[in-house]
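Reading the structure
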Amino acid sequence: MSRCSVVIMLALWLAWFAAPAAAAPSYVGTEGCKCHKTEVEDWLKSPHAKAFEALSKDKRSKGQNKALRAAGLDHNKDYSSDEKCVGCHTVGFGKPGGFAAGSADENFKGVGCEMCHGPGSEYRQLHKEKDETFTRAEAAALGEIYPPKEDTCRQCHDHKDSPFNAKTDAKYMFNFEEMIKLNKAWHKKYDLQFKH
Ligand code: HEC
Ligand code: HEC
Ligand code: HEC
């Protein structure tokens with residue numbers, strides 16, 4: 001190795017360590033992802049977009065009330081501010097920028113984009129600045145989850161803290177391979193427009 005390349009490597013190493021650490025990513029809410037028009041449109045039709053409503057007494061369906069009774073919960077109760085429930089039915093509850101119990105902000109209601117793709121404050125900037133030229137590794141370093149895998153879904157599905165896991169009823173068993181094929185679950189699977 002030439003002396004010159006050693007100097008360059010040292011300089012790069014120093015630049016890496018001296019760079020200010022990126023701010024910890026925070027949640028921006030679904031509005032912050034609206035450039036992805038087609039995904040937003042699909043998502044709005046999915047059960048995930050409506051997940052917050054399942055907690056509100058006056059917005060729940062009969063089927064949901066039935067499910068609550070089967071899980072030993074009070075179907076007459078409004079759970080929309082209950083800290084034991086909102087974590088899996090909103091965006092980023094209890095985390096920086098995320099949903100606050102009792103908040104009326106629609107932007108953080110339901111299982112929004114960031115619950116599968118990670119808190120967006122930092123990678124959103126990258127998307128804006130570099131558009132189609134950013135790399136997967138750059139985005140991942142800023143907190144982006146892509147593609148979401150089984151463990152992302154399992155933070156909520158068939159989780160021991162959910163009243164609706166396989167112990168409540170076998171129908172809540174989460175089969176990732178099957179579920180991921182369902183368009184209704186999240187949004188259609190579009191091919192990425194650019195190679196990242
Ligand atoms: C650990 C995550 C988690 C927590 C905590 C949680 N839920 Fe859910 N909830 C889910 C998931 C996942 C589903 C979807 C289950 C499915 O359809 O497979 C769901 C579904 C529901 C449904 C619809 C059930 C149906 O069959 O239609 C209602 C109603 C509901 N939850 C209410 C609540 C209430 C009330 C609480 C608090 C007591 C709560 N949830 C806490 C994850 C959670
Ligand atoms: C329930 C989880 C989930 C939610 C919620 C979700 N996504 Fe995704 N998204 C996925 C998965 C899984 C993939 C990866 C598909 C694959 O394997 O290529 C994906 C892929 C993507 C892609 C890459 C292109 C594509 O469509 O395949 C974009 C862009 C995207 N999502 C944006 C969004 C936006 C914007 C929202 C909110 C409106 C959102 N997603 C909500 C699970 C989710
Ligand atoms: C933050 C928690 C959370 C995450 C993460 C999550 N989900 Fe969900 N999911 C829910 C809740 C809550 C519901 C119930 C919505 C309702 O019925 O109101 C639901 C509903 C669904 C349904 C509809 C169930 C039915 O019986 O109609 C499917 C399918 C699904 N999710 C698949 C997935 C997949 C696949 C992933 C991962 C790529 C995922 N979910 C990630 C919380 C989550």
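Residues numbered from 1 in each chain as written. Chains lettered and ligands numbered in written order. Predicted model: local features only at pLDDT ≥ 70, side-chain atom pairs only at ≥ 80, totals over all residues. Heavy atoms only, no water.

Examining the confidence of the model for the protein
One rule of thumb: low pLDDT means the predicted coordinates there are not for detailed reading. Predicted confidence across the protein gives a mean pLDDT of 89, with 89% of residues reaching 70 or more. Taken element by element, the protein is modelled with least confidence in helix α1 (residues 3-18), mean pLDDT 55, and with most confidence in helix α5 (residues 113-117), mean pLDDT 98. (pLDDT = per-residue confidence, 0-100. Helix = DSSP H or I, 4+ residues; strand = E, 2+ residues; numbered from the N terminus.)

Structural notes on the site of ligand 2
Inspection of the region around ligand 2 gives 21 residues, with C113, C116, H117, H187 and Y190 positioned closest. H117 places a polar side-chain atom, nitrogen or oxygen, 2.8 Å from a nitrogen atom of ligand 2. Between ligand 2 and H187, the relevant distance is 2.8 Å, taken from a nitrogen atom to a side-chain nitrogen or oxygen of the residue. Looking at the shell around ligand 2, the elements with two or more residues in it are α2 (37-45) and α5. Across the shell around ligand 2, the residue classes tally to 13 nonpolar, 5 polar and 3 charged. (Near = heavy atom within 4 Å. Polar contact = N/O pair within 3.5 Å; in protein donor to acceptor, adjacent residues only side chain to side chain. Nonpolar A, V, L, I, M, F, W, Y, C, P; charged D, E, K, R; others polar.)

Comments concerning helix α6 (residues 121-130)
An α-helical segment advances 3.6 residues per turn. Residues three or four places apart therefore align on the same side. Taken as a whole, α6 has its buried residues at S121, Y123 and L126. Next to the buried residues of α6 lie α5 and α7 (136-141). Looking one or two residues beyond α6, the residue adopting positive phi is D131, at roughly 45 degrees. (Buried < 20%, exposed > 50% of the residue type's maximum accessible area, 1.4 Å probe, protein only. Contact = heavy atoms within 4.5 Å.)

Some remarks on the coordination of the iron atom of ligand 1
Put simply, the ideal angle at a metal is 109.5 degrees for four donors in tetrahedral geometry and 90 or 180 degrees for six donors in octahedral geometry. In this structure the iron atom of ligand 1 is ligated by exactly one protein donor, H89 (NE2), at 2.2 Å. With respect to the helices and strands, the residue H89 is situated in the loop between α4 (83-86) and α5. (Donors = N, O, S within 2.8 Å, 3.2 Å for Na, K, Ca; no water.)

Brief notes about the environment of E106
Checked against the element boundaries, E106 lands in the loop between α4 and α5. Of the residues examined, E106 reaches a relative accessible area of 57% and is grouped as exposed. Each C-alpha atom of the pair E106 and F52 lies 9.5 Å from the other, and the pair is 54 residues apart in sequence.

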